Amino acid sequence: MILVTGASGNLGSAILAALHACGAIATGGSRTPGDGMRLLDFDDPSGIDLAGVSTLVLISAGYAEDDQVIGRHAAVLDAAARDGVRHVIYTSLSGVGDHLGFALAHRATERRVRACGLPWTILRNGLYAELFGGLLMWGDDGVESAFGDGALAAVARADLAEAAAIIAADPAQHSGRTYDLVGTPITAADVAARLGVPHRTIGLGEYRRRLLNEMPELLPFQPPMLSSIATGIRHGFLDGTSPDLADILGRPVCDPLATAVAAASATRPWAAR
């Protein structure tokens, strides 16, 4: 049986749906499980039960500080080795993302995956096109961002989910492989043009000020993470491409621009529509 962690989240639920669509025997695990899912709380190592799981799709539990994230992943990998899991698939971060504020937890987990004693596959996922569009901010007459003229090799979440499901359904064919799953480079100006509005670049200092002062819902570790994405895109570090995703899917990747446009449009103030 295949088990997908984080199955109540966007990526995990999409992977689980893709597995079910292809007829795979799969279930999900979550700290808030739905029908037929397992209770799986990474912060309770003693309660992690992976008995009967042959392939584990470990979705990064990145919504925390690095030490907590790495500790969560270590607990799951220990349980996988203990309970007889035969293959681990980990959703990591694209290879060009080493400078990002959340890269360390991914790279540390990759080390643990390679050293866990189980067959493994690492999926270095690019940043979501949904995220790119969602990070654009609406001004009085258009969109604003700290991305400048930089491009992001954005990728639709649905493509990443389908690729993970393909590999989980036949993991032996991908044992010991690390794939770089990125899409086609797009810019904020591209999104703005598709929306029919101008794009205005703001400085990184202004962006950080807005994150700190105008978004109280953000947790303390999130503004530095988001700022690192902005400067990475702005200065051309996140636009590298790879054929890996299309090769796994056996088709061209989805248009990330359309996905980013839909995400940006969803946050558009009603008065500006």
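Right, let's walk through the structure included here. (Residues numbered from 1 in each chain as written. Predicted model: local features only at pLDDT ≥ 70, side-chain atom pairs only at ≥ 80, totals over all residues. Heavy atoms only, no water.)

Bringing the packing of helix 2 (residues 66-83) against helix 3 (residues 103-115) into the picture now. The interhelical angle for the contact between helix 2 and helix 3, taken along N-to-C directions, is 20°, at an axis separation of 9 Å. If you check the angle between helix 2 and helix 3, you find them roughly parallel. Considering the relative orientation of helix 2 and helix 3, their crossing is right-handed. Listed contacts from helix 3 to Asp 66, Val 69, Ile 70, His 73, Ala 74 and Leu 77 of helix 2 are Leu 104, Ala 105, Ala 108, Thr 109, Arg 112 and Val 113. Here the contact of helix 2 with helix 3 is built from residues that sort into eight nonpolar, two polar and two charged. (Axes fitted to C-alpha atoms, helices over the stretch in contact; angles between N-to-C directions. Helix = DSSP H or I, 4+ residues; strand = E, 2+ residues; numbered from the N terminus. Parallel < 35°, antiparallel > 145°, perpendicular 65-115°, else oblique. Left-handed = near helix turned anticlockwise from the far one by under 90°. Contact = heavy atoms within 4.5 Å. Nonpolar A, V, L, I, M, F, W, Y, C, P; charged D, E, K, R; others polar.)

An ideal rise of 1.5 Å per residue puts 16 Å on 12 residues; helix 1 (residues 10-21) measures up with 16 Å between its terminal C-alpha atoms. The set of residues buried in helix 1 consists of Leu 11, Gly 12, Ile 15, Leu 16 and Leu 19. Buried positions in helix 1, seen along its axis, are confined to an arc of 130° and lie on one side of it. The exposed residues of helix 1 that point more than 90 degrees off its buried face are Asn 10 and Ala 21. Elements in contact with the buried residues of helix 1: strand 1 (2-4), strand 2 (26-30), strand 4 (55-59), strand 5 (87-93), strand 6 (120-125) and helix 5 (157-169). Directly beyond the C-terminal end of helix 1, a positive phi value near 85° is found at Gly 23. (Expected span 1.5 Å × (residues − 1). Buried < 20%, exposed > 50% of the residue type's maximum accessible area, 1.4 Å probe, protein only. Arc of directions from axis to C-beta.)

In this section: the nonpolar core. Grouped burial of nonpolar side chains is what soluble globular proteins tend to show. Core analysis: the biggest nonpolar cluster contains 37 residues, and Leu 127, Phe 132, Phe 147, Val 191, Leu 195, Tyr 207 and Ile 229 have the highest contact counts within it. Elements that contribute at least two residues to this core include exactly helix 4 (129-135), strand 7 (137-138), strand 9 (151-154), helix 6 (188-195), helix 7 (204-214), helix 8 (222-234) and helix 10 (256-266). Among the elements that make up this core, the one with the highest residue count is helix 8 (five residues). Each residue touching Val 191, except ones within four places of it in the same chain, is listed here: Phe 132, Leu 136, Leu 257, Ala 260, Val 261 and Ala 264. Listed in part, the 26 residues of the second largest apolar core include Leu 11, Val 57, Ile 59 and Leu 249. (Core = buried A, V, L, I, M, F, W, Y, C linked by side-chain atoms within 4.5 Å.)

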